[in-house]
Amino acid sequence: MKNPVVIKGTKSGIVVHLSADIPFDELKEKVCEKFKASASFLGNAQIALSFQGRSISDSEQFELVECITKNSQLDVVCIIDDDAAREAYFNRTLEEKLMAMNSNTGQFYKGTLRSGQVLEFDTSIVILGDINAGAQVVSAGNVVVLGKLLGNVYAGASGRNNSFVVALQMYPTQIRIGDVIARSPDERWKIETEAKIAFSQKGNIYIEPLDRNVLKDISL
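Residue positions within a chain follow its written sequence, with the count starting from 1. With the structure being a predicted model, the display of local features is reserved for residues of pLDDT at least 70 and the display and counting of side-chain atom pairs for 80 or more, all residues being used for whole-chain, interface and lining totals. For the side-chain quantities, the full set of heavy atoms in the structure was used; hydrogens and water were omitted.

Let's hear about the nonpolar core: which residues, and what values?
What is meant by a nonpolar core is a set of buried Ala, Val, Leu, Ile, Met, Phe, Trp, Tyr and Cys residues, joined one to another through side-chain atoms within 4.5 Å. Only protein chains enter the accessibility calculation, which uses a 1.4 Å probe. A residue is then buried if its area is under 20% of the maximum for its type, exposed if over 50%, and partly exposed in between. Ranked by internal contacts, the top residues of the largest apolar core, which has 21 residues, are I131, V137, V143, L149, V165, M170 and I175. Helix and strand labels come from DSSP, where a helix needs a run of H or I of at least four residues and a strand needs a run of E of at least two; each type is numbered from the N terminus. Where this core is concerned, the elements lending two or more residues are strand 6 (118-121), strand 7 (125-128), strand 9 (143-149), strand 10 (152-155), strand 11 (164-170) and strand 12 (174-177). Apart from residues lying up to four places away in sequence, V165 is in contact with V143, L149, V153, A155, M170, I175, K196, I197 and A198. The next biggest cluster of nonpolar side chains, apart from the first, holds 20 residues, and it includes V16, F24, L74 and V76. Contacts between residues were defined by any pair of non-hydrogen atoms, one from each residue, lying within 4.5 Å.

I'd like a rundown of the pattern of salt bridges, residues and numbers included.
In the sections that follow, a salt bridge refers to a side-chain nitrogen of Lys or Arg positioned within 4 Å of a carboxyl oxygen of Asp or Glu. Enumeration over the complete set of coordinates arrives at 2 salt bridges. Notably, a salt bridge pairs K28 with E63, separated by 3.2 Å at the nearest N-O pair. Of this pair, K28 sits in helix 1 (residues 24-37) while E63 sits in helix 3 (residues 58-70), and the two are 35 residues apart along the sequence. Relative accessible area serves as the criterion here: at 26%, E63 is assigned to the partly exposed category.

Can you tell me about the pairing of strand 3 (residues 46-52), naming the residues and giving the values?
Among the 7 residues that make up strand 3, 6 are buried, leaving the element largely enclosed by the rest of the structure. One requirement defines pairing of two strands: DSSP has to find at least two bridges between them. With 5 bridges joining them, strand 2 (residues 13-18) and strand 3 adopt parallel strand pairing. Bridging across to strand 3, G13 finds its partner in A48. The sheet contact formed by strand 3 and strand 4 (residues 75-79) spans 4 bridges and is parallel. Looking at strand 4, one finds that A48 is bridged to C78. Once the chain exits strand 3 it traverses helix 3 before rejoining the sheet at strand 4, and the crossover so formed is right-handed. Here the term right-handed applies to a crossover when the path leading from its first strand over the helix to its second strand runs clockwise, the strands being oriented away from the viewer.

Lay out the state of the cysteines in plain terms, naming residues and giving numbers.
Two cysteines joined by a covalent bond between their sulfur atoms form a disulfide. Disulfides are defined as pairs of cysteine sulfur atoms found within 2.5 Å of each other. This structure, assessed with the given rule, holds 1 disulfide. There is a disulfide in this structure between C32 and C67, and the S-S distance comes to 2.0 Å. On the criterion of sequence distance, the pair formed by C32 in helix 1 and C67 in helix 3 is long-range, its members being 35 residues apart. When sorted by exposure, C32 lands in the same class as C67, which is buried.

Describe helix 1, naming the residues involved and giving the relevant values.
Expected helix span is taken as 1.5 Å per residue step, with the number of steps being one fewer than the number of residues. For helix 1, built from 14 residues, the straight-helix expectation of 20 Å at 1.5 Å per residue is met to within 8% by its first-to-last C-alpha distance of 20 Å. Every buried residue of helix 1 is accounted for by F24, L27, V31, C32 and F35. Taken end-on, helix 1 shows its buried residues confined to a sector of 145°, consistent with a single buried face. Residues of helix 1 that are exposed and angled more than 90 degrees away from the buried face: D25, K36 and A37. Relevant arc is that of directions from the helix axis to the C-beta atoms, nothing else.

I'd like a rundown of helix 3, residues and numbers included.
With 13 residues, helix 3 extends 18 Å between its outermost C-alpha atoms, agreeing within 8% with the 18 Å of an ideal straight helix rising 1.5 Å per residue. On the buried face of helix 3, the contacting elements are strand 2, helix 1, strand 3 and strand 4.

Put into structure tokens, the structure is as follows:
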């Protein structure tokens, strides 16, 4: 009998060819054995996954994915059904899933942004430093500034109106969250040292002291 389980790698994921000639329980054992034996070769990666060769139910698909993740270091981001444009579909779907995941996680940037600097991020961002007047930060998710915010910030650039901006000292020139924009008043900001959060609600941007009550009331 030919190999009941064959793993084929693509640029964006893995295609698993399954034999249609053996019972599912036996096939599942073969899948577990195959991925356990190939674990070191496959490495640690986020992948899109596709099954070919036989028709399987949603519950059987779930069992196989569980088997794969338990016997390897792979993180199955999504499962793709068989279609003629699989390679292109793999690329597009995996990119969308990873962007959605990244916008809920984020990254760090250490340094002060000076006038004229523009930084753009596909994720939420934590900035360890100041954003000076004339500098700009654009983020698909949230922006947290562990310093002074004096310049421009655009959070939720991916269309997320429930994004927010936090700063230890909040004196922005302009804040945009999703499609809502707010500019600082013409008069000087009152000098304050408490951390604040800016969020969008009903078409307006509000800036409030950062405390548990505010966090509890915001839909993140």
